[in-house]
Amino acid sequence: MMSTVRTNRPKTVISHPEKPSGLRACLLASVLLITPFGLVPADAQGLSNSLNITRPDQKTRMLVEADQMVYDYDRERVSAVGNVQIYYGVYALEADKVTYDQSSARLIAEGNVRLTEPDGNIVTANYIDITDDFRTGFVRSLRVQTPEKARFAAESAERPDDDITIFDKGVYTTCEPCRDNPKKSPLWQIKASRIIYNSKDKMVYYRSAKFEFLGVPLLYTPYFAHPDPSRQRATGFLLPSVGYDSKLGVHASVPYYWALTDNYDVTFTPAYYSKQGLMASATWRHHLAKGQYEVTGHGILQQDPKEFSGTSGNQDFRGAIESKAEFNLTKQWKFGWDVALLSDKRFLRDYNLTDADEDKRSTLFLVGQGERNHFDARANYYNIMTDNLSQGQQAIIHPSIDYSAYAKQPLLGGEARLKVNSTTLTRNETNSETVGGITRTYGLNGNYNRTSVEASWKRKFIAPGGQVITPFTSLRGDFYWMPSKSGAPAALVDDDYAFRGMPTVGVDYRLPILAVNGTTSHIIEPIAQVIVSPNEAHVGAVPNDDAHSLIFDDSILFDPNKFSGYDRVEGGTRANVGFQYRMQLASGWSFNALAGRTYHLAGTNSFSEQDLTSTGLDSGLDKKASDYVARVGINSNGAFQAIARGRFDAKSADLKYAAIEASGSHGRLSGTLGYSYTDKRPSAGIATVRQELSTSAAYKLSEYWTAAGAARFDMAQNDFVEGSLGLKYDDECFAISLNYSHERDIYTDETSEQKIQFRLDIKSIGGGNFSHGF
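Not measured: the values here are computed from a predicted model.

Peer 1: Looking at this structure, I do not really get the overall build of the protein chain. What am I missing?
Peer 2: Of regular secondary structure, the protein chain possesses 2 helices and 48 strands. Burial statistics for the protein chain: of 774 residues in total, 40% are counted as buried. The contacts in the protein chain between residues at least 6 apart in sequence include a share of 50% that link residues at least 24 apart. Just so you have it, the protein chain exposes about 39,200 Å², and 55% of that area is on carbon and sulfur atoms.

This is the structure we're talking about:
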């Protein structure tokens with residue numbers, strides 16, 4: 001007996017079903033059993049899903065929608081026909097027809113079947129036949145798409161258990177189907193007589209597989225395996241690398257990653273060099289409850305050390321040990337290290353194991369961060385990586401400690417702060433140079449200790465008319481202990497101890513004036529500061545290790561102390577004056593400008609004093625009235641931004657320093673532009689004008705193709721510092737790039753390096769790269 005019920009999109013809603021009996025059981029069970037989400041046959045004790053579906057909670061409501069429901073009581077079948085949609089918890093099934101056969105315990109979905117799983121997988125097929133316990137299943141014309149865009153297709157498939165899906169005559173790719181011709185072969189695909197997908201281990205296995213590119217078979221293998229895109233850690237081979245170097249010869253490496261457990265692994269990276277032999281390299285990584293650490297080792301017994309004749313690389317064995325770590329001791333405290341032990345200065349460079357601009361500093365650190373205070377202690381050892389520089393001239397810092405804290409409660413209505421810095425260092429050789437008859441001593445041999453403590457206070461007042469008045473004061477003391485000054489310049493203090501005190505009182509005055517013209521707002525703000533301090537003590541009589549750099553521009557115009565480190569401090573009475581202007585348009589564009597200068601009013605000008613490094617001389621601040629500094633900037637609040645800053649001679653208005661940075665995009669084109677200019681500063685060792693132009697650009701040729709280039713040009717020497725050109729294709733499943741680069745004077749003992757690099761990446765599978773240096 002068959003009964004058909006036709007309604008306008010009937011809906012059956014069932015919650016917390018109980019075990020039925022008789023005719024009512026047949027009808028109710030048949031409605032329940034048309035969904036692959038909550039199969040509840042009368043004799044079922046528990047459920048699992050051949051499509052890796054976990055049954056929702058019994059209380060979850062089920063919704064079945066279809067054009068008609070057909071009940072066949074004689075054959076014990078119930079069917080939902082026409083635009084079937086079944087929702088059960090977080091699962092959804094769509095099909096033209098869904099039938100449950102109670103006698104054979106089979107669930108059959110036919111026609112445009114689409115199953116959405118909670119993990120994001122989308123399964124499409126023409127026909128799905130699943131047993132009632134959902135542990136086994138058979139699927140025809142199956143297609144599966146994971147959230148990571150991995151795509152499986154097969155003529156048929158089966159699910160022997162919860163975690164395994166077997167695709168017969170299957171295809172795997174991460175490429176999207178062609179929009180104009182979906183039947184066209186994707187850019188790449190792997191075809192196999194059988195594909196086995198383990199959803200638990202996130203691994204894909206192939207039998208009798210061939211790799212096709214643009215529909216052309218390129219490679220056959222009887223067995224192949226790789227992790228699916230969702231798996232971040234899987235044992236196996238990683239991206240290989242091939243290259244050529246004149247001193248190393250042809251070289252190749254194939255890293256092998258071994259995921260030992262969930263929290264530690266090791267990567268072996270053996271590399272063979274045709275001129276030098278086999279290098280052994282390995283990296284161990286270990287994640288702990290409170291942090292992680294890693295150790296990397298390299299070692300090679302060189303076949304032809306004479307290729308590095310005249311350098312520190314001319315030896316049989318060369319290698320390095322590097323380690324990094326970071327541990328969270330508590331929520332506020334962090335401890336770690338980043339250290340390197342090298343067999344010789346040039347090892348990492350010669351074997352391209354470090355970036356050209358990488359700082360090979362070995363450091364041990366302890367950092368604490370509170371709500372209103374901060375602590376940082378570091379011991380540093382800097383690895384000199386050039387043969388023409390002495391390691392003994394580089395200081396070993398053991399350690400440098402910084403502490404700063406803000407008062408929890410206002411002090412006299414203002415903000416109070418305490419800063420402490422203590423530095424201890426050792427240097428085996430004095431580091432000095434003589435240029436243009438001027439000798440600069442950047443560091444002294446022996447032991448050097450300094451502790452600086454500064455307490456400061458400031459409070460902001462808003463006066464009538466919008467005036468902003470900020471008085472501030474500070475008291476700083478620097479204590480020096482220099483027990484060993486062998487060979488030091490005679491200018492140093494005779495005693496092993498020295499003290500410098502620096503009280504400072506000042507006031508900052510600003511008067512922002514707002515003007516509105518239609519939808520445009522303007523803010524003009526005159527600024528003036530007056531700062532009173534005693535003269536700086538012991539100038540040139542104590543070392544200067546951390547205040548070598550001084551570039552006078554708008555960024556430090558209103559700093560009470562313009563020196564960059566603790567070893568120098570600005571003294572005397574001075575005034576900083578200037579103004580800034582800001583304009584804001586309704587369209588989002590904005591413009592800003594600042595200009596000003598410094599006046600030394602009384603006492604000794606610290607910047608005109610000769611110290612061991614000649615830091616302040618020719619800085620633009622070493623005169624009673626300083627040079628002018630200025631800045632202008634523009635921002636479109638999106639596609640374009642630029643800023644230019646400069647310093648101009650107080651008398652002639654000649655340009656002394658300039659820096660311009662701009663970046664923007666328009667349509668498919670994006671780029672950056674930079675320019676820097678530094679006039680001669682003989683006292684600072686700059687004997688010639690320095691002028692450099694840098695630029696980069698990228699043009700999107702199409703949706704997936706991009707051409708890019710970059711260059712740095714030394715305008716004073718009329719020569720390129722570095723440049724690169726590249727072409728890249730990158731889509732959802734495949735990437736390929738070709739890049740040429742030319743770098744000059746990366747290190748002071750090198751001339752230039754040119755390199756061509758080709759890189760291929762078949763996403764979710766792997767790839768490789770080839771480089772040729774010359």
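Peer 1: I'm lost on the side chain of Asp679 in this one. Help?
Peer 2: Topologically, Asp679 is positioned in the loop between strand 42 (669–678) and strand 43 (690–700). When residues no more than four places from it in sequence are discounted, the contact partners of Asp679 are Leu655, Lys656, Ile686 and Val689.

Peer 1: It is not clear to me how the side chain of Asn383 should be interpreted in this structure. Could you clarify?
Peer 2: Position of Asn383 among the secondary structure elements: in the loop between strand 26 (373–382) and strand 27 (396–406). Engagement of the side chain of Asn383 in a polar contact is seen with the side chain of Ser362, the distance being 3.4 Å. Those residues in contact with Asn383, other than ones at most four positions away along the chain, are Ala340, Leu342, Lys360, Ser362 and Gln391.

Peer 1: Teacher, can you tell me more about the pairing of strand 35 (residues 513–517) here?
Peer 2: The side chains of a regular strand alternate, first on one face of the sheet and then on the other. Little of strand 35 is tucked away, with 0 of its 5 residues classed as buried. Bridge analysis of strand 35 against strand 36 (residues 520–532) gives 5 bridges, and the strand direction is antiparallel. Considered in strand 36, the bridge of Val516 is made with Ser521. With antiparallel pairing between neighbouring strands as the criterion, strand 35 and strand 36 make up a hairpin whose turn holds 2 residues, including Gly518 at a positive phi of roughly 65°.

Peer 1: Any chance you could explain the environment of Val453 here in plain terms?
Peer 2: In this fold, Val453 is placed in strand 31 (residues 446–458). A relative accessible area of 39% places Val453 in the partly exposed class. Sequence-wise, Val453 and Lys419 are 34 residues apart; in three dimensions their C-alpha atoms are separated by 5.9 Å. In this structure, Val453 is in contact with Leu418, Lys419, Val420, Leu475, Arg476 and Gly477, ignoring residues within four places of it in sequence.

Peer 1: So what exactly am I meant to see when it comes to the state of the cysteines here?
Peer 2: Here, disulfide denotes a covalent bond that connects the sulfur atoms of two cysteines. Tallying each qualifying case throughout the model produces 1 disulfide. Covalently, Cys175 is tied to Cys733 through a disulfide, its sulfur atoms 1.9 Å apart. Note on the Cys175 and Cys733 pair: the S-S dihedral is about 85°, so by sign convention the disulfide is right-handed. You can see Cys175 sitting in the loop between strand 11 (164–173) and strand 12 (188–198) and its partner Cys733 sitting in the loop between strand 45 (719–730) and strand 46 (734–744), a full 558 residues away along the chain. Residue class for Cys733 comes out buried when judged on its relative accessible area of 0%.

Peer 1: I'm lost on unusual backbone geometry in this one. Help?
Peer 2: Trans is the prevailing form of peptide bonds, just as negative phi is the prevailing case for residues other than glycine. For the peptide bond that leads from His398 to Pro399, omega is -10°, which places it in the cis range. Position of Pro399 relative to the elements: it lies in strand 27. Phi at Asn352 takes a positive value of approximately 55°, unusual for a residue other than glycine. By secondary structure assignment, the location of Asn352 is in the loop between helix 2 (347–350) and strand 25 (361–369). According to the relative accessible area criterion, Asn352 is partly exposed, its value standing at 39%. The phi dihedral of His538 falls on the positive side, at around 60°, and the residue is not glycine. With respect to the helices and strands, His538 occurs in the loop between strand 36 and strand 37 (573–584). Exposure remark for His538: the relative accessible area of 31% places this residue in the partly exposed category.

Peer 1: Is there a simple way to explain the nonpolar core in this structure?
Peer 2: It is characteristic of soluble globular proteins that their nonpolar side chains tend to be buried jointly. Ranked by internal contacts, the top residues of the largest apolar core, which has 44 residues, are Leu142, Phe152, Phe167, Trp188, Ile195 and Tyr206. Broken down by element, the residue count for this core peaks at 5 residues, all from strand 12. In contact with Ile195, not counting residues within four places along its chain, are Phe152, Thr165, Ile166, Phe167, Gly170, Val171, Tyr172, Ile190, Val204, Tyr205 and Tyr206. Counting residues in each nonpolar core, the second largest holds 13 residues, with Leu248, Ala340, Leu348 and Met385 among its members.

Peer 1: Got a minute to help me understand the pattern of salt bridges in this structure?
Peer 2: Where charged atoms of side chains with opposite charge meet at close range, the side chains can pair. In this structure the tally under the stated criterion is 34 salt bridges. Salt-bridge contacts for Asp553 lead to Arg645; the nearest nitrogen and oxygen are separated by 3.9 Å. Taken together, the residues Asp553 in the loop between strand 36 and strand 37 and Arg645 in strand 40 (residues 640–648) connect sequence positions 92 residues apart. Residue classification places Arg645 among the partly exposed residues on the basis of a relative accessible area of 23%.

Peer 1: For this particular structure, what's the right way to read the packing of aromatic side chains?
Peer 2: We describe a pair of aromatic rings using the distance from one ring centre to the other and the angle between the two ring planes. Tallied over the full model, the rule gives 26 aromatic pairs. Judged by centre distance (6.3 Å) and plane angle (10°), the rings of Tyr71 and Tyr73 are stacked. When its relative accessible area of 13% is taken as the criterion, Tyr71 is described as buried. Ring geometry for Tyr729 against Phe734: centres 6.1 Å apart, planes inclined by 50°, an arrangement best described as tilted. One residue, Arg318, lies across the ring of Phe308, its end atom 4.9 Å from the ring centre.

Peer 1: What is the right way to look at the environment of Ile122 in this model?
Peer 2: Relative to the helices and strands, Ile122 is located in strand 8 (residues 122–131). Through-space distance from the C-alpha of Ile122 to that of Lys149 is 10.0 Å; in sequence the pair is 27 residues apart. Each residue touching Ile122, except ones within four places of it in the same chain, is listed here: Arg114, Leu115, Arg143, Val144 and Gln145.

Peer 1: Can you walk me through the environment of Ala602 in this structure?
Peer 2: Within the fold, Ala602 resides in strand 38 (residues 590–602). Placed 70 residues apart in sequence, Ala602 and Val532 show a C-alpha to C-alpha distance of 8.8 Å.

Peer 1: I'm lost on a nonpolar patch on the surface in this one. Help?
Peer 2: Where nonpolar side chains cluster on the molecular surface, the patch consists of Val242, Tyr244, Val250, Leu738, Ile756, Phe758, Phe770 and Phe774 and spans about 660 Å² of accessible area. When contributions to the nonpolar patch are tallied by element, the ones reaching two or more residues are strand 16 (241–245) and strand 47 (752–762). Within the secondary structure, Phe758 sits in strand 47.

Peer 1: Explanation requested: the pairing of strand 24 (residues 333–342) in the structure shown.
Peer 2: Taken together, the 9 bridges between strand 23 (residues 317–328) and strand 24 define a ladder with antiparallel strand orientation. The partner of Ile321 across the bridge, within strand 24, is Leu341. Note: strand 24 against strand 25, 6 bridges, orientation antiparallel. Looking across to strand 25, one finds that Lys334 is bridged to Val367.

Peer 1: Can you help me understand the confidence of the model for the protein chain in this one?
Peer 2: Reading fine detail from the predicted coordinates is not recommended where pLDDT is low. On average, residues of the protein chain score 85 in pLDDT, and 87% of them are at 70 or above. Confidence scores differ between elements of the protein chain, with helix 1 (residues 22–32) showing the lowest mean pLDDT of 34 and strand 39 (residues 628–635) the highest of 98. A low-confidence stretch, residues 7–54 stays under pLDDT 50, and its non-local contacts, those more than four residues away or across chains, total 136 contacts.

About the cut-offs
- Residues numbered from 1 in each chain as written.
- Predicted model: local features only at pLDDT ≥ 70, side-chain atom pairs only at ≥ 80, totals over all residues.
- Heavy atoms only, no water.
- Helix = DSSP H or I, 4+ residues; strand = E, 2+ residues; numbered from the N terminus.
- Buried < 20%, exposed > 50% of the residue type's maximum accessible area, 1.4 Å probe, protein only.
- Contact = heavy atoms within 4.5 Å.
- Areas by Shrake-Rupley, 256 points an atom, 1.4 Å probe, with all protein chains shown as cover.
- Polar contact = N/O pair within 3.5 Å; in protein donor to acceptor, adjacent residues only side chain to side chain.
- Pairing = 2+ DSSP bridges.
- Disulfide = S-S within 2.5 Å.
- Core = buried A, V, L, I, M, F, W, Y, C linked by side-chain atoms within 4.5 Å.
- Salt bridge = Lys/Arg side-chain N within 4 Å of Asp/Glu carboxyl O.
- Phe/Tyr/Trp six-rings, centres within 6.5 Å; stacked < 30°, edge-to-face > 60°.
- Lys NZ or Arg CZ within 6 Å of the ring centre and 35° of its normal.
- Patch = residues over 30% accessible without salt bridge, like charges linked within 9 Å, V, L, I, M, F, W, Y side chains within 5 Å.
- pLDDT = per-residue confidence, 0-100.

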